[in-house]
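# Chain and residue survey
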Amino acid sequence: MARLWTDVRPQIEADGGAYDLRETRSPRDFFAVDETSLYVVRAQESGGHTVLTLTPAPARSASVTACEEALR
């Protein structure tokens, strides 16, 4: 899915269905992550409820942030 958890959560809760959260992480810590920005990377149905797998987003470098700001 690769959608922000903050975007998905209201939709899931509005549907009123049961859901479980799982977290996954890369076993390598070479690349920094942003712990405050979680993404839904998988959605599965299991036993009558949805299981969502979350992972922290990659951290943005200063150069990427500057480029994004310049494009606004």
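Provided above is the structure to which this section pertains.
Residues numbered from 1 in each chain as written. Predicted model: local features only at pLDDT ≥ 70, side-chain atom pairs only at ≥ 80, totals over all residues. Heavy atoms only, no water.

## Details of the packing of aromatic side chains
- Applying the stated rule across the entire model yields 2 aromatic pairs.
- Between tryptophan 5 and tyrosine 19, the ring centres sit 6.1 Å apart and the planes meet at 65 degrees, which makes this aromatic pair edge-to-face. Of the two residues, tryptophan 5 is situated in helix H1 (residues 5–15) and tyrosine 19 in strand E2 (residues 19–23); the sequence distance between them amounts to 14 residues.
- Since its relative accessible area comes to 23%, tyrosine 19 is described here as partly exposed.
- When the centroid spacing of 4.8 Å and the interplanar angle of 90 degrees are considered together, the rings of phenylalanine 30 and phenylalanine 31 count as edge-to-face. Here phenylalanine 30 and phenylalanine 31 have matching classes, each one exposed. (Phe/Tyr/Trp six-rings, centres within 6.5 Å; stacked < 30°, edge-to-face > 60°. Helix = DSSP H or I, 4+ residues; strand = E, 2+ residues; numbered from the N terminus. Buried < 20%, exposed > 50% of the residue type's maximum accessible area, 1.4 Å probe, protein only.)

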